[in-house]
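Coordinate analysis (summary)
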Amino acid sequence: MRLWDVLEPLVDSASASSASSSSSSPRLLRSKGMVWLASRPDGVGDWSQAGADVHFDFGGTWYAAQPESEWPSDPEELEAEVRAPWLEPFGDRRQALVLIGQRLDPAAITEQLEAALLDDAELESYSQATAELEAQGAGAGDAAGALDLGRLTIVEGLFKDPFPEWAWAEPDEQQEEEN
């Protein structure tokens, strides 16, 4: 079971139960957060859902995939955003989701989400692929912090990914382009 396999029924319950709010079934009202997909190792997945309205977009680049020169220069921001969540060997990559609803079973959902994580064999495949790329000099980004799409293509091929493609521009760059 993978992330979408866990979230899709919850999202479906939100749209189905919106018509009948008196239902005794679980009802997901809102969810949001950031996720790390093995198929998109350098990009933060920005998840946002309200009722049947779901958005899953590129939310930026994990600091672990950026040169340190791109990290926050403010010591408090650096500590909060980079150093505090840092865990070797993955850096700041992580899962952080909040689900708000009615009659949800937190223990069951947590168990399903944990089952959606890579197993040991998949994690080993992922680690080998990324280590080989690092050894070849195909780092996460160039000196300016631009993503290496060749690296992403190789790692993406290891795992099934049901989500739509992202625009791989930083969120502030996307907003500038839209204006």
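Residues numbered from 1 in each chain as written. Predicted model: local features only at pLDDT ≥ 70, side-chain atom pairs only at ≥ 80, totals over all residues. Heavy atoms only, no water.

1. Points about the overall build of the chain
- Helices and strands together make up the secondary structure of the chain, namely six helices and four strands.
- Element order for the chain, N to C, with α for helix and β for strand: α-β-β-β-α-β-α-α-α-α.
- A separation threshold of at least 6 residues defines the contact pool for the chain, and within that pool the share at least 24 residues apart is 60%.
- When the accessible surface of the chain is summed, it comes to about 10400 Å², and 51% of that surface belongs to carbon and sulfur atoms. (Helix = DSSP H or I, 4+ residues; strand = E, 2+ residues; numbered from the N terminus. Contact = heavy atoms within 4.5 Å. Areas by Shrake-Rupley, 256 points an atom, 1.4 Å probe, with all protein chains shown as cover.)

2. What about unusual backbone geometry?
- Each neighbour pair has its own omega, and for Glu88 with Pro89 the value is 5 degrees, a cis peptide bond.
- Turning to its location among the elements, Pro89 is positioned in the loop between α2 (75-83) and β4 (96-102).
- We note that Arg103 has phi near 55 degrees; this positive angle belongs to a residue other than glycine.
- On the basis of relative accessibility, which here comes to 40%, the residue Arg103 falls in the partly exposed class. (Buried < 20%, exposed > 50% of the residue type's maximum accessible area, 1.4 Å probe, protein only.)

3. Some details on the environment of Leu87
- Relative to the elements of secondary structure, Leu87 occurs in the loop between α2 and β4.
- Between the C-alpha atoms of Leu87 and Ala64, which are 23 residues apart in sequence, the distance is 10.0 Å.

4. Observations regarding the sheet that holds β4
- The four strands lie next to each other as β3-β2-β1-β4, forming an open sheet whose pairing is antiparallel. The open sheet is flanked by β3 (53-61) and β4, the only strands paired with a single partner. Averaged over all neighbouring strand pairs, the angle between strand axes comes to 15 degrees, with direction disregarded.
- The pairing of strand β2 (residues 40-50) with β3 spans seven bridges and is antiparallel. Note on β3: the bridge partner recorded for Gln49 is Val54. (Pairing = 2+ DSSP bridges. Axes fitted to C-alpha atoms, helices over the stretch in contact; angles between N-to-C directions.)

5. Here we look at the side chain of Arg93
- With respect to the helices and strands, the residue Arg93 is situated in the loop between α2 and β4.
- Polar side-chain contacts of Arg93 include one of 3.3 Å to the backbone oxygen of Phe90. (Polar contact = N/O pair within 3.5 Å; in protein donor to acceptor, adjacent residues only side chain to side chain.)

6. Some remarks on the pattern of salt bridges
- Scanning all chains against the criterion turns up two salt bridges.
- Note that Glu122 and Arg2 form a salt bridge whose closest N and O atoms lie 2.3 Å from each other. Linking Glu122 in helix α4 (residues 120-135) with Arg2 in the segment before α1 (3-19), this pair joins segments that are 120 residues apart in sequence.
- Given a relative accessible area of 23%, Glu122 falls into the partly exposed group.
- Here Asp42 and Arg93 are joined by a salt bridge, their closest N and O atoms 3.0 Å apart. With a gap of 51 residues between them, Asp42 in strand β2 and Arg93 in the loop between α2 and β4 connect regions that are remote in the sequence. (Salt bridge = Lys/Arg side-chain N within 4 Å of Asp/Glu carboxyl O.)

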